[in-house]
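# Close look at the chain arrangement
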Amino acid sequence: TGLLTELSKMEEMAGFDARGKELMRVLYLTHANEIQGLTRVDASGRIVYTFPETPGTVGTDLSGQEHIQRIMQTHKPVISDVFESVQGFKSIALHVPVFSEDAFLGSLGVLIPFDRLSQKYLEPIKIGRDGYAWMISRKGIELYCPVPGHTGKSVFENCKDFPSILEMAK
């Protein structure tokens, strides 16, 4: 968040010129093992630029996505739930606002591969012989589960036959 916020304060992000694109490229290349992409979104919620460049994404309207709506309303950093990005992969997005003086110009966002992130920190956790760490979003989406096919889906659907798990999830 801190790195994105500092980048968002730069004039190259506000005016979004060739130098802004270069800064996004460098940030991606230096953090490619942690992120899946960077996106600059305008004040109306449309993609201005994304890196790595993905054909057909520039101009895509993201204003229907909950996290984009939230940053457009609050002008404060937001983190999304798990969703399928326009680039075609399941991610969590972190967006920070971009301003010029006091004018909101949109956001700068990073796509975080939720499976790699949660796997790195949660997979090693073992509880007793059979126990494991499990992480769900506030909406009940399984962000991490070692059970194949569960991650990225609703715990209420995945575990509908296990009332004790549903109670724990609530």
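Structure first, text after, so check above.
Read on for an overview of the structure. (Residues numbered from 1 in each chain as written. Predicted model: local features only at pLDDT ≥ 70, side-chain atom pairs only at ≥ 80, totals over all residues. Heavy atoms only, no water.)

## Considerations on the packing of aromatic side chains
The tally for this structure, following the rule as stated, stands at three aromatic pairs. Geometrically, the ring pair formed by Phe16 and Tyr49 is tilted, given 5.8 Å between the ring centres and 45° between the ring planes. Placement of the pair is Phe16 in the loop between α2 (11-14) and α3 (18-30) and Tyr49 in strand β2 (residues 47-51), with a sequence separation of 33 residues. Residue Phe16 shares its accessibility class with Tyr49, and that shared class is buried. (Phe/Tyr/Trp six-rings, centres within 6.5 Å; stacked < 30°, edge-to-face > 60°. Helix = DSSP H or I, 4+ residues; strand = E, 2+ residues; numbered from the N terminus. Buried < 20%, exposed > 50% of the residue type's maximum accessible area, 1.4 Å probe, protein only.)

## Some remarks on α3
If you check α3, its first and last C-alpha atoms are 18 Å apart, about what 13 residues at 1.5 Å a residue would give, namely 18 Å. For α3, the full list of buried residues reads Gly20, Leu23, Met24, Leu27 and Tyr28. The arc that holds every buried residue of α3, seen down its axis, measures 135°, which confines them to one face. Residues of α3 that are exposed and point over 90 degrees away from its buried face: Ala18 and Thr30. Considering only its buried residues, α3 is in contact with α1 (2-8), α2, β1 (37-42), β2 and β6 (103-112). One side-chain oxygen at the N-terminal end of α3 lies 3.1 Å from the backbone nitrogen of Arg19; it belongs to Asp17. (Expected span 1.5 Å × (residues − 1). Arc of directions from axis to C-beta. Contact = heavy atoms within 4.5 Å. Polar contact = N/O pair within 3.5 Å; in protein donor to acceptor, adjacent residues only side chain to side chain.)

## Some details on helix α4 (residues 66-74)
Taken as a whole, α4 has its buried residues at His67, Ile68 and Ile71. Buried positions in α4, seen along its axis, are confined to an arc of 100° and lie on one side of it. Along its buried surface, α4 packs onto β3 (78-79), β4 (83-84), β5 (90-100) and β6. Positive phi appears at His75, one or two residues downstream of α4, with a value of about 60°.

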